Amino acid sequence: SYPLGAINPRPPLFSWSLAVGGMMLAPLLDVPVGDAVWWSVAALPAIYGALTALPIAGIGNRFFGRAPGPVAAWLIALMPGHVGHSTFALADHDAFAILFLSLGFYFWLKAVRAAGDEKLVPNASWSPAYIFLGIKATFEKRQAAIANAILSGVAFSTVALGWKGFVYG
């Protein structure tokens, strides 16, 4: 509804990704942009769904051992809801939301692990000076945790911009 000025009840990022995907696909296929966008609408949810297996496998490998990663990726790929909302069945935003939710949780878990549990500031208290000292120490000593927390926030924000029900995730 953007160009017409009407109210759109859905966040725009998923729809925009389909449109931009079609615009990028048009020169490769040498077809009009309108036709390429329709191919994008049909294909991109399947690509998002296929990519979902990667963060799920990463969570399984990194946090539960080598065996659960491929099993979890296989299970998410063959889930009935996942298969039924993919290519040429029902091109829906579900695969988009699941992909970025799983990426968000993957990076969040990496951030928690990288944060560690050792004390960063000696003799800490509730004084605002110590709070700022703790934030400074975190940025200096836990750069991997900060980077993963930022990536997690970007992934969760992407879900928020593409799915109105992101709070359920």
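Before reading further, recall that the structure is shown in the block above.
Residues numbered from 1 in each chain as written. Predicted model: local features only at pLDDT ≥ 70, side-chain atom pairs only at ≥ 80, totals over all residues. Heavy atoms only, no water.

Positive phi, normally seen in glycine, also occurs at Asp 30, with a value near 55 degrees. Tracing the backbone shows Asp 30 in the loop between helix H1 (13–29) and helix H2 (33–64). A relative accessible area of 72% places Asp 30 in the exposed class. (Helix = DSSP H or I, 4+ residues; strand = E, 2+ residues; numbered from the N terminus. Buried < 20%, exposed > 50% of the residue type's maximum accessible area, 1.4 Å probe, protein only.)

Remark: H1 packs on H2, axes separated minimally by 7 Å, with the N-to-C direction vectors making an angle of 120 degrees. The orientation of H1 relative to H2 falls into the category oblique. The interaxial crossing formed by H1 with H2 has right-handed handedness. Counting all contacts with H1, which are made through Phe 14, Ser 17, Leu 18, Ala 19, Gly 21, Gly 22, Met 23, Leu 25 and Ala 26, the residues of H2 involved are Val 33, Ala 36, Val 37, Trp 39, Ser 40, Val 41, Leu 44, Pro 45 and Tyr 48. Considered class by class, the residues forming the contact of H1 with H2 number 14 nonpolar, four polar and no charged. (Axes fitted to C-alpha atoms, helices over the stretch in contact; angles between N-to-C directions. Parallel < 35°, antiparallel > 145°, perpendicular 65-115°, else oblique. Left-handed = near helix turned anticlockwise from the far one by under 90°. Contact = heavy atoms within 4.5 Å. Nonpolar A, V, L, I, M, F, W, Y, C, P; charged D, E, K, R; others polar.)

Moving on: the side chain of Ser 102. Tracing the backbone shows Ser 102 in helix H5 (residues 94–115). In this structure Ser 102 comes out as buried when scored by relative accessible area, which is 7%. If we skip the residues at most four places from it in the chain, Ser 102 touches Thr 52, Pro 55, Ile 56 and Ile 59.

The next point concerns the nonpolar core. Membership of the largest hydrophobic core is limited to 10 residues, which are Phe 14, Leu 18, Leu 44, Tyr 48, Ala 95, Phe 96, Leu 99, Phe 100, Leu 101 and Val 159. Every element with two or more residues in this core is listed here: H1, H2 and H5. Considering each element in turn, this core owes the most residues, five residues, to H5. Those residues in contact with Leu 44 that sit more than four places away from it in its chain are Ser 17, Leu 18 and Gly 21. With five residues, the next largest nonpolar core counts Ile 56, Ala 57, Ala 73 and Ile 76 among its residues. (Core = buried A, V, L, I, M, F, W, Y, C linked by side-chain atoms within 4.5 Å.)

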